[in-house]
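The residues making up each chain are set out below.
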Amino acid sequence: MTGSLSLTSAEARFAAGAKAPVAPSGSTQSNRLDTGGLIDRAAPLNFTFDGKAMTGFAGDTLASALVANGVRLVGRSFKYHRPRGILTAGSEEPNALVELRSGARREPNTKATTAELYQGLEALSQNRWPSLRYDVMSVNQLLSPIFVAGFYYKTFMWPAKFWEMIYEPAIRRAAGLGRSSGLADPDHYDKAWAHCDVLVVGSGPTGVSAALAAGRAGARVILAEEDSRAGGRLLSDGGEIGGMSSREWLANALAELSSLSNVRVMTRTAVFGVYDGGTYGALERVNDHVATPPEHEVRQRLWRIVAKRCVVAAGAIERPIVFSGNDRPGVMMASAVRTYIERFAALPGKRVALFTNNSDGWRTVEAALRAGVEISAVIDSRPGIPEELRAMAEVSGFRVFNGVVHDVRGGASGISRISVAQAKGTTVEIAADTLAMSGGWNPSVGLASHHRGRPTWRDDIAAFVPGECPPGMVVAGAANGDFSLGACLRAGHAAGIAAAAESGRTQKAGSPAAASDEALSITPLWHVEGKHKAFVDFQHDVTASDIALAQREGFESVEHLKRYTTLGMATDQGRNSNVTGLAIMAEVSGRTIPQTGTTIYRPPQVPVAIGALAGHHRDENFHSTRLTPSHRWAAERGATFVDTGLWKRAQWYPLPGEKDWLTSVDREVLTVRNGVGFCDVSTLGKIDVMGPDAGAFLDRVYINAFSSLGVGKARYGLMLREDGIVMDDGTTSRLAEDHYFLTTTTAKAGPVMQYLEYCRQVLWPELDVQLTSCTDQWAQFSIAGPKTRDLLREIVEPSEDLSNEGFPFMAVREVKLRGGVVARLFRISFSGEMAFEISVPARFGDALARNLMIAGKQFGVIPYGTEALGVMRIEKGHVAGPELNGTTTAGDLGLGKMASKKKDFVGRVLAAREGLVDPNRQVVVGLKPVDKARRLRSGAHTIPKGARPSPETDQGYVTSVCHSPMLGQWIGLGLVERGRERYGEIVRAHDPLRGEDYDVEICNPVFYDPEGGRQRG
Amino acid sequence: MADFTWTATSPLQHATRPRRHGAAVQQSGIVLSEVLDFSLVLILARRGQWSATAKAAKEFFGAEAPAKPLAVRGKTTTLFWSGADQFYALFPRVPAAQPLDGMREPFAAKASLSDQSDGRCLIQISGPKVRAMLAKLSSLDLDGSVFPVGAAAATSIDHSGVNLWRDTDAADGSPVYNVLVFTSFADSIWHTILDSSAEYGVEVVRPHALDEKPSS
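Within every chain, residues take consecutive numbers counted from 1 along the sequence as written. Chains carry letters and ligands carry numbers; both start at the beginning, A for chains and 1 for ligands, and go up in the order they are written. Since the coordinates come from a predicted model, pLDDT governs what is reported: local features require at least 70, and pairs of side-chain atoms require 80 or more to be given and counted, while whole-chain, interface and lining totals use all residues.

**Let's talk about the overall build of chain B**
Thought 1: Secondary structure counts use DSSP, requiring at least four H or I residues in a row for a helix and at least two E residues in a row for a strand, with both numbered from the N terminus. Looking only at helices and strands, one finds four helices and 13 strands in chain B.
Thought 2: The C-alpha radius of gyration of chain B comes to 18 Å, within 12% of the 17 Å expected for a compact globule of 216 residues.
Thought 3: Partly exposed residues are those falling between the two cut-offs: more than 12 but fewer than 20 other C-beta atoms within 10 Å of their own, whereas 20 or more means buried and 12 or fewer means exposed, with C-beta atoms placed from the backbone. Residues classed as buried in chain B amount to 51% of the 216 residues present.
Thought 4: Looking at chain B alone, contacts between residues at least 24 apart form 66% of all its contacts between residues at least 6 apart. Within these notes, the globule rule equals 2.2 Å times the number of residues to the 0.38 power, and the radius of gyration is based on C-alpha atoms. Here, residues touch in the contact sense if the C-beta positions derived from the backbone fall within 7 Å of one another.

**Observations concerning the overall build of chain A**
Thought 1: Scanning chain A for helices and strands turns up 24 helices and 49 strands.
Thought 2: Computed over the C-alpha atoms, the radius of gyration of chain A is 38 Å, more than 25% above the 31 Å expected from 2.2 N^0.38 for a compact globule of 1017 residues.
Thought 3: Here chain A holds 1017 residues, and the buried ones make up 54% of them.
Thought 4: Taking contacts inside chain A between residues at least 6 apart in sequence as the whole, the part at least 24 apart equals 67%.

**Let's talk about the packing of helix 11 (residues 544-552) of chain A against helix 12 (residues 558-565) of chain A**
Residue and element names in this part refer to chain A.
Thought 1: An axis is simply a line fitted to the C-alpha atoms; with a helix, the fit covers only the stretch in contact. Between two such axes, the angle follows the N-to-C directions and lies from 0 to 180 degrees. Interaxial distance between helix 11 and helix 12 falls to 10 Å at its minimum, and their mutual angle equals 120°. One finds that helix 11 runs oblique with respect to helix 12. Handedness of the crossing formed by helix 11 with helix 12: right-handed. On helix 12, the residues touching Asp546, Ile547 and Ala550 of helix 11 are Leu561, Tyr564 and Thr565. Any angle that is under 35 degrees is reported as roughly parallel, and any over 145 degrees as roughly antiparallel; angles of 65 to 115 degrees are reported as roughly perpendicular and all others as oblique. Helix crossings fall into two classes, left-handed where the near helix is turned counterclockwise from the far one by less than a right angle and right-handed where it is turned clockwise.

**Topic: the sheet that holds strand 31 (residues 640-644) of chain A**
Residue and element names in this part refer to chain A.
Thought 1: Here, any two strands with at least 2 DSSP bridges between them count as paired. In spatial order, the strands read 30-32-31; together these three strands make up an open sheet with mixed pairing. Sheet topology places strand 30 (626-627) and strand 31 at the edges, where each strand pairs with a single neighbour.
Thought 2: Strand direction decides the pairing type here: strand 30 and strand 32 (residues 647-652), joined by two bridges, are parallel. Across the sheet, the residue bridging to Arg626 is Trp647, located in strand 32.

**Structural notes on helix 13 (residues 578-589) of chain A**
An α-helical segment advances 3.6 residues per turn. Residues three or four places apart therefore align on the same side.
All names here are of chain A.
Thought 1: Multiply 1.5 Å by the residue count of a helix minus one, and that product is the helix's expected span. The end-to-end C-alpha distance of helix 13 is 16 Å, a good match for the 16 Å that twelve residues give at a rise of 1.5 Å each.
Thought 2: Regarding helix 13, the residues found buried are Asn578, Val579, Thr580, Gly581, Leu582, Ala583, Ile584 and Met585.
Thought 3: Gly590 sits one or two positions beyond helix 13 and adopts a positive phi of about 70°.

**Examining the packing of helix 20 (residues 788-795) of chain A against helix 21 (residues 845-856) of chain A**
Residues and elements named next belong to chain A.
Thought 1: As a packed pair, helix 20 and helix 21 sit with axes 8 Å apart at the nearest point and diverge in direction by 110°. Between helix 20 and helix 21, the angle is such that the two are roughly perpendicular. The element helix 20 and its partner helix 21 pack so that their crossing is right-handed. In this structure, helix 20 contributes Leu791, Glu794 and Ile795 to the contact, and helix 21 contributes Asn851, Leu852, Ala855 and Gly856.

**Considerations on the sheet that holds strand 39 (residues 778-784) of chain A**
Residues and elements named next belong to chain A.
Thought 1: Strand order across the open sheet formed by six strands is 40-41-42-39-33-43, with mixed pairing between neighbours. Looking at which strands have only one partner, the edges of the open sheet turn out to be strand 40 (812-816) and strand 43 (862-863).
Thought 2: As judged from the three bridges shared by strand 41 (residues 822-826) and strand 42 (residues 835-841), these two strands associate in the antiparallel manner. For Leu825, the partnering residue across the bridge sits in strand 42 and is Ile838.
Thought 3: On the sheet, helix 20 packs against strand 39 and strand 42 and is oriented at approximately 135° with respect to strand 39.

**Considering the interface of chain A and chain B**
Thought 1: The partner chain B presents 44 residues to the 39 residues of chain A that form the contact.
Thought 2: Those elements that place two or more of their residues in the side of chain A that touches chain B are strand 8 (189-201), strand 30, strand 34 (686-690), strand 38 (770-773), helix 20 and helix 21 of chain A.
Thought 3: A total of six residues in the side of chain A that touches chain B trace back to one element, the largest contributor, which is strand 8 of chain A.
Thought 4: Of the residues contributing to the side of chain A that touches chain B, the split by class is 15 nonpolar, 13 polar and eleven charged. Side-chain classes follow a simple rule in which Ala, Val, Leu, Ile, Met, Phe, Trp, Tyr, Cys and Pro form the nonpolar group, Asp, Glu, Lys and Arg form the charged group, and the remainder, Gly included, forms the polar group.

**Examining the domain arrangement of chain B**
Residues and elements named next belong to chain B.
Thought 1: Taken domain by domain, chain B comprises domain 1 (19-36 + 119-209) and domain 2 (38-115).
Thought 2: Distance from the C-alpha centre of domain 1 to the C-alpha centre of domain 2: 24 Å.
Thought 3: Taken together, the eleven residues of domain 1 in the interface contact eleven residues of domain 2.
Thought 4: For the side of domain 1 that touches domain 2, the secondary structure elements donating two or more residues are strand 8 (120-126), strand 9 (152-157) and strand 10 (160-167).
Thought 5: Among the elements that make up the side of domain 1 that touches domain 2, the one with the highest residue count is strand 9 (three residues).
Thought 6: The class makeup of the residues in the side of domain 1 that touches domain 2 is eight nonpolar, two polar and one charged. Residue ranges assigned to the domains are those given by an automatic or database domain assignment.

**Quick word on the nonpolar core**
All names here are of chain A.
Thought 1: Of all hydrophobic cores here, the largest spans 240 residues; its most connected members are Val198, Leu199, Val311, Val312 and Leu435.
Thought 2: No other element matches the nine residues that helix 10 (residues 485-502) contributes to this core.
Thought 3: Filtering out sequence-adjacent residues up to four positions away, Val311 remains in contact with Val198, Val200, Ala210, Val474, Ala476, Ala495, Gly496 and Ala499. Only buried residues count toward a nonpolar core: Ala, Val, Leu, Ile, Met, Phe, Trp, Tyr and Cys, linked into one set through C-beta atoms within 7 Å.

**Looking at helix 19 (residues 749-763) of chain A**
Residue and element names in this part refer to chain A.
Thought 1: The first and last C-alpha atoms of helix 19 sit 20 Å apart over 15 residues, in line with the 21 Å expected at 1.5 Å per residue.
Thought 2: Listed as buried for helix 19 are Ala749, Val752, Leu756 and Arg760. Take helix 19 and look down its axis: the buried residues cluster within an arc of 75°, on one side only. Turned more than 90 degrees away from the buried face of helix 19 sit Gln754, Tyr758, Gln761 and Val762, all of them exposed.
Thought 3: Where helix 19 is buried, its residues meet strand 34, helix 18 (694-701), strand 36 (726-736) and strand 38. The reported arc concerns the directions from the helix axis to the C-beta atoms and nothing else.

**Structural notes on the UniProt feature "domain: Aminomethyltransferase C-terminal" (unreviewed entry) in chain A**
Thought 1: UniProt positions are given in the numbering used here, feature names are shortened, and annotations may be inferred rather than shown by experiment. Under the UniProt annotation, the feature "domain: Aminomethyltransferase C-terminal" (unreviewed entry) is placed at residues 924-1009 of chain A.
Thought 2: With 0% helix and 49% strand, the stretch residues 924-1009 of chain A has end C-alpha atoms that lie 18 Å from each other.

**Remarks on the pairing of strand 15 (residues 300-312) of chain A**
Residue and element names in this part refer to chain A.
Thought 1: Within strand 15, ten of the 13 residues are buried, leaving the element largely enclosed by the surrounding structure.
Thought 2: Sheet analysis places strand 8 next to strand 15, joined by twelve bridges and oriented parallel. Bridging across to strand 15, Lys191 finds its partner in Leu302.
Thought 3: Bridge analysis of strand 14 (residues 279-284) against strand 15 gives six bridges, and the strand direction is antiparallel.

**Digging into the environment of Thr953 of chain A**
All names here are of chain A.
Thought 1: Looking at the secondary structure, you find Thr953 in the loop between strand 45 (941-944) and strand 46 (956-964).
Thought 2: Along the backbone, Thr953 and Ile943 are ten residues apart, and their C-alpha atoms lie at a distance of 6.0 Å.
Thought 3: With sequence-adjacent residues up to four places away left out, Thr953 is seen in contact with Ile943, Pro944, Ala947 and Arg948.

**Quick word on the pairing of strand 9 of chain B**
Residues and elements named next belong to chain B.
Thought 1: With six bridges connecting them, strand 9 and strand 10 associate as antiparallel partners. When the bridges of strand 10 are listed, Thr155 appears paired with Val162.
Thought 2: The hairpin turn running from strand 9 into strand 10, its antiparallel successor, is two residues long, and Asp158 in that turn takes a positive phi close to 55°.

**Digging into unusual backbone geometry**
Thought 1: Residue Pro603 of chain A is joined to Pro604 of chain A through a cis peptide bond whose omega torsion reads 0°.
Thought 2: At His81 of chain A, a residue that is not glycine, the phi angle is positive and equals roughly 55°.
Thought 3: Tracing the chain through its elements places His81 of chain A in the loop between strand 3 (75-76) and strand 4 (83-84).
Thought 4: We note that Asp85 of chain B has phi near 60°; this positive angle belongs to a residue other than glycine.
Thought 5: Topologically, Asp85 of chain B is positioned in the loop between strand 5 (78-83) and strand 6 (86-92).
Thought 6: In this structure Asp85 of chain B comes out as partly exposed when scored by C-beta crowding, with 19 C-beta atoms within 10 Å.

Shown next as C-alpha cells:
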C-alpha cells in the first residue's frame, strides 16, 4: 500500500475545533494557539532570526518562538551540513544552536531551546554559507564515503607538517560551529558560595516533593532549577495530583516553598558538577534573559554550593530512534512536541505522526488532540499495542501501525512523508509534516556518576540508572528510573525527609501527594535498518554505520568508540546519543548493553563559560595587589611600578627630560653613591620570632649561629632546604633576649613563614618559640649613600648617637624621631654604601617618605627604585633571586664559610653530598664584556674560547646583569664551572636566543669597593 | 632645622570618603566603613602557658580569652580567636602610648606579644544584603544559625588571610561583620568588596573609631 492516507473526517472535525492555530493580526506567529500555554500574550516581543523580523511572547524560548513562527529549518549539521530543525525543548538540544546577540556580546553555539526570548533578540543560524537554505558545504554529503568514522585519523595522517598549516584551518573553516566575537566580553561575572542542609537538583514533581518534605522538616534547602520556571515536566505533561490539575498543585507547592524562610528556590541555575566534600558547582544565568544586564549586575554567577545532603531529581531525557532521515527538520522528540504545545501553545506542525517504542510517547497524541492538531498516524513498534490505545485511535479517527519508520522524505523546509514498514511485512506511506519520536527515556545519571560510580542497566525500562552515588547524594524520581507521576512524588518526598533527617532536621513533613502510577511499557528498539543515513549523534553527524565501521576496525571499547567516531563529544555531551550508540555497538559486537558499558561522566554537566569560572578575577582584578606604605607618595612623584609577586614596587622615579629608564636608573645610582637616596624595602618578609627558645630555633634553621647574637645586633643569615640547596637569605636582628626580628626576601616571605611554622609545629615541638608575620606592620626604608648620616641627623632626635662608635655597623636599636615617632634603626647595607634601614609603624610610612625628602633636601636626597637597588647589589656582588634559584649551594654562592661546624642545622647533612661539594660546580662569579661598549644579557651561556657551543662545552650562564654607572659598562653575575679559580680568563658569552656571541672576562663578583670600606665608614 | 609632621595615613584613606556607589536604590544594600585608631596585639601563649595566659588576659582585659573561634567583648577590648593557643586583643588606641606598654609585665613568661596595630586594617560591613555580598568573598556559612553574634573565623578573602567576626546587629537589624585584613592588601580587598557590593547599592560611611557606630 502506498500513497497518502486520507483522514478527512478527522481533519474536518479538528478544523472546526476552537483551538486551531490563529495568527493574530500583525503577528508572524502562524503556529501559535490562541489560548493556553505559559506565555504572556499581553507581552509581545520582537526578535529576528537570520535578519527576519518575528514576534513571540514573554515566556517563550527562542525555540518556542521559532516554532510559533512556523520556522522549521534552524541550522546545518557539523560535518555534512545537513539541514536540521529543532529536536528537543531542553538543554540537551543538539541541532538548534545559534549565534545570539551581536558585537562584543556575540555568543556562538547557544541553544535556542534554553535561550529565553527578550525584546530585540537577534539570532543567526550558524555553520552555513551563503545562507541557511542554500548551504554550499552541503556537498560534503556527496563526499560522505570519506567522512566516515575515524575520518580525521585516516585522512590527515600525512604529511604531518600539513596538519597545522593546511588541514586544521581547512577543517575549522568548513566544519566549525559558531564564531566567537573576538572582542573582550563587556559583561561581568562573579562567583559565590551557598550552604544548605539539602540541595535538591531539579524542580519537577520529584524535586518539588523533595524540597517540600525537607523544607517542612526544617532543613535549609536549596532547590536548583536550570529552567527559568520551576516545574520540570509538570509544565508540559498535564495530569492530576491530589485531585487537582498538576499545574494547580505545582502553583500551590511553589507558594508553600516560597513561604518557608529556610527554602531557597534558584531558577536559571544549572548544577553542573559534583566535587569533594559535598561541594556542587552550579551556574546561574542571572541576566542571560535580557539584552544587556542592568548596570552593576552580572551576566552569570558561578555558585559553589556546600550541601550536607543532595537529592538529585534531574529527570530523564527522551532518546531518539535511529532510522533513515531521522535528522530531517520536522522530526522531533515526542516530549518536545508536547512541551511546545502545552507549555508554549506553539504547534510544531499541523499533521503529526508518532513513532514510539513505549507507552509514554502516546501522551503526545493526547496533547496534540487537545490542541486540535491532526494525528496522521501512530507507529508503535511494540508487538502488543494495548487495547485502550487502539480504542483511543478509533475514537479520535487516526490509524495505528505496528511497525517501524524506515524512511523519511522531505527537504530543508521539513518532512512531507514517512515510510512505515509494518510488522506484517507491508509498507505504508503517510503524509505528515511532523514526526514525533520516542525511543524511551534515559535517566539523567551524569551528576550521580561524577565520582566514577558506574550506572547500572535496568531491563524493565531499557535504560541505565545511577550506580554508586557520591557521598551524601541520593537520586530520586525519573532520574532513578521511576517514571510514573505517583512514584516520583513519593520518591521525592521520602528522599527529602531522609536527607533532612540526616542533617538533623526532623519536624513533621506531612505525606506525599498522590497521583497515578501508570508504569512505562517499553520494548527496546534502537535502530531501524534503512537505505539512507540514520543518525545517532546529530550534532557530530555520527551515523549507525559509523558505529558498525568502528567495531569492524577494532574500536569496540566505548571509550575508543567515542574518540574514533566523535560520538558524544559535541556540546550536548552525548545526552541524546550515548546510550543509543552503545546499544548499537552492543548489537554489532554481539554483547549485551551492560557488557558494553558506559563512558566516564565528568563535570561540567552543562557548558560553563570561562568568564563565569574567572568571575571577578580579570583585567586589573586578575589577582589581588599589595601596596607599600609609600605607594601613594611614589605614585604622586610619577614612579614607574613593577609587579613583584603581588606587590607593586617603585622601579624607578623618572625626572622630566630623562629619555629612558637607563638614564633614570644611572642617575639614581650615582646620586646614592655620591650623596644619599632611599628606597622602600617594606616588601621584604618580616617575622617576629619570639619565646625563650627563639635563638635555639634560629640556630637550627640558619646555617650560621644566632643564639650567640647580642641584643641590639643584626646578622646576615642563610637557610637551606633539607636537600642542602639554599632556600632564602636575609638579615635577622635580636631586639630582646626572647625576640628576634627575621627578614626574608620579598619573593620567599610567604613560603619561609610557612616553612618556619612547619619547623615549629612538626619538627621541633619541644622548642618554646612563637612566630608571626609582621611584614605589614612596618614601613621600612633603606637610606644609603655617604650623606646618610647627615640626613639622619636632621630627622633623628639630637640626643641619639649615630657616630660609628655610637651606632656601629650591624647595630640595631630604637630611636626617637623629631616630632615624637619612635623608629627602629638598623645599620645594614645592601648597596655597599654607608647605609641604615629605618622602620616606623606602617601608618607613618607615607609621612616618613615625605619627611626623608625634607630632611635630605640640603643633601640632594632622591628616592630610588628597585632597578637602582639591583644595580648596586650587582656592583657589590650580592646574590639575590637569580642566584638563589633553587640549584645553588652556600658554597656556590661563595657563602660556604658561613656554615657553622659547631651545630646542626637543616640541610647540613645533605649539603655534604658528593655532587653538592664537587669542585667542578658552577659558582658565582663576576662577568664583564671585553668590549666595554657591549651590552651583557642574562641567560647567555659561557663557553670556553675556541670551543664549539654545545651542551658538552657549556660551562655556565649569566644570572644577573646591569649597566654599572660606576664602571661605565655592562656587568653581570653568573654561575660558571670552577669560576673562582678562573678570574681573568676570557670566555665566550653565547646567546643563541638573541643570536649573540661575544667575549667576556670572568672576574671577582665584587666589582665595587671590594674592601667594603664605604659601608663601614 | 626643618619641622616634621607625622600624619598617620591609612591605605584606605582615599577610598573611604563617604559616598554612595553602585546601583541607585532606596536603601543601600551594603553599608561599608573603615574602623580607625585601634591597637591590635597578637597574644601567643608559650608552651604549656595557655591557662596562665587566659588568666592574665581575664585580669588585664576583663574578658575571657577565646579558646575556640569566638570574639569576646570586654569593657573596651575585644578578644578574638586566631588559632591554637593564640588570640588578638583589639582596643582603642591611646595617643602617644605603645600598645605593648603595660602588657609586657602581666604576660611576661606566659605569652609572646606582637604589635599588629599597623599590620591590619579593619573594615566593617553591614546592611540588609551583607550576607549575599559576603557569599561572593567568603567560603564560610554566615547564616545566623551557624555564625551568630560573637562568632569568629580565621579565613581568607581573595586568597588573602583575614580575621572575620560578627558584631552586634545594626540598628536596622542587619548583621554587622568585622573584616580584619593585611594592611598591604587593604586597598585591593576594599575594591573587591566595593565591586561585589555594587549591585546592591553601597553606602560608604565615614571612618570611625572602634567604640563608635558607623554613621553617614
